[in-house]
Every structure is written in C-alpha cells, then in structure tokens.
Amino acid sequence: FAYSKDPEVARHVLWSAQKELSEAKEYCRYMMKRYRNDEPASWGIIEKKTDTLVGTIGYMDYSEDNASVEVGYSLARWMWNGGYMTEALRRVIAYTFESMDINRIEAQHETDNPSSGRVMEKCGMRKEGVLRQRLYNKGRYVDVALYAILRSDPRL
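Residues numbered from 1 in each chain as written. Predicted model: local features only at pLDDT ≥ 70, side-chain atom pairs only at ≥ 80, totals over all residues. Heavy atoms only, no water.

1. Some points on the pairing of strand β3 (residues 68-75)
Now for step 1: Burial within β3 is extensive, with eight of its eight residues counted as buried.
Now for step 2: Of the two faces of β3, the one holding Ser-68, Glu-70, Gly-72 and Ser-74 and the one holding Val-69, Val-71, Tyr-73 and Leu-75 are both buried throughout.
Now for step 3: Counted along the chain from strand β2 (residues 52-63) to the antiparallel partner β3, the turn is four residues long, and its residue Ala-67 has a positive phi close to 50 degrees.
Now for step 4: Where β3 and strand β4 (residues 104-110) come together, three bridges link them in parallel fashion. Within the sheet, the bridge partner assigned to Glu-70 lies in β4 and is Glu-106. (Buried < 20%, exposed > 50% of the residue type's maximum accessible area, 1.4 Å probe, protein only. Helix = DSSP H or I, 4+ residues; strand = E, 2+ residues; numbered from the N terminus. Pairing = 2+ DSSP bridges.)

As structure tokens, this is what we get:
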C-alpha cells in the first residue's frame, strides 16, 4: 500500500493510486487466487534490506495460441533509477523462456515515460513501434511504445 498509493507510481499504469489499505489487500487476495488456480499472475518485488514489498511484475496478457505474453510492472518511487526493475524484468524474461512454451514476450509503455523503455532495452527487448492513442488512461488517450523479445533473440 505504501507504494501503490503514490499517484506518481500509478501515473503510467492502468490502475489508479490506491486510497485505502483494503484495496491493496484485495489485490493481494486476487493474486493469491490466481496462483492457486495456476493462472498467470504477478510477482511481488521485495527489497531485501527491509523485506518490504516495493513493486510488482507479471503477465498482463497471455496467448497460448500465439505462444506470447505481455509483461507489465510497477515500482515504488523511492526505488526508481536503482536498477531494480531491470533486474526483475531480466529474471521474468529468463523464467518465461525457461519454464513456459513462449516464443514472444512483449511490453509497452506510455511514450511520455521513456524510463520504462530504457528498462526494456537494457533487458534485450527491441522497440517495434509506437501505437498512437492505443490506451485510454486516466481521462486521456495515450500513445504507447511497443517492445518485444523473441525466444531466438540473444540474451543480455
């Protein structure tokens, strides 16, 4: 709840900043249900020093027919620019290709959030283009940049 209530953290994601602790608890219950049902879900990102949940990363979309997943993530503002999301995304990419029959992993970011694109590039994802007004987020249509990595692409 400490990071998910921050409007800056929620600015570029499709969920709104949480206002009540109960919202964070409900999200955790929803993820636990997905885990129990063996459905693709998000993982928590834990800061080792404090053993505190500081973000999430996981599958936003999964297509068995196309052997592809879309990854999304968020991180506490006080953790930004420390390499944590790059580390988490690299691990999710490796896990996905090692553990699942997936050929393509993709991610997207709002074009006015270039830091997220740099994370994707550091993890070997390639920018494939900009999708104009792809999403309606917080009262406005936003352009998003689409990135992807294929099973056959070299790993960093």
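Okay, back to it.
2. Some details on the environment of Ile-46
Now for step 1: You can see Ile-46 is positioned in strand β1 (residues 42-47).
Now for step 2: Those residues in contact with Ile-46 that lie beyond four places of it in its chain are Asp-51, Thr-52, Leu-53 and Val-54. (Contact = heavy atoms within 4.5 Å.)

3. A look at the environment of Trp-78
Now for step 1: Its location among the elements puts Trp-78 in the loop between β3 and α3 (84-99).
Now for step 2: You can call Trp-78 partly exposed: its relative accessible area is 49%.
Now for step 3: Note: C-alpha distance between Trp-78 and Val-54 (24 residues apart in sequence) is 8.9 Å.
Now for step 4: Excluding its chain neighbours within four sequence positions, the residues that come into contact with Trp-78 are Ala-2, Tyr-3 and Val-54.

4. Some words on the pattern of salt bridges
Now for step 1: A complete count under the given rule lists eight salt bridges for this structure.
Now for step 2: Where Arg-91 meets Glu-98, a salt bridge forms, and the shortest distance between an N and an O atom there is 3.9 Å.
Now for step 3: Judged by its relative accessible area of 48%, Arg-91 falls in the partly exposed class.
Now for step 4: Owing to a relative accessible area of 60%, Glu-98 belongs among the exposed residues under this scheme.
Now for step 5: Glu-110 is paired through a salt bridge with Arg-140; the nearest N and O atoms lie 3.2 Å apart. Here Glu-110, found in strand β4, pairs with Arg-140, found in strand β6 (residues 140-150); they are 30 residues apart in sequence, far enough to count as distant.
Now for step 6: Overlapping salt bridges bring together Arg-104, Glu-106 and Glu-128 as one network. (Salt bridge = Lys/Arg side-chain N within 4 Å of Asp/Glu carboxyl O.)

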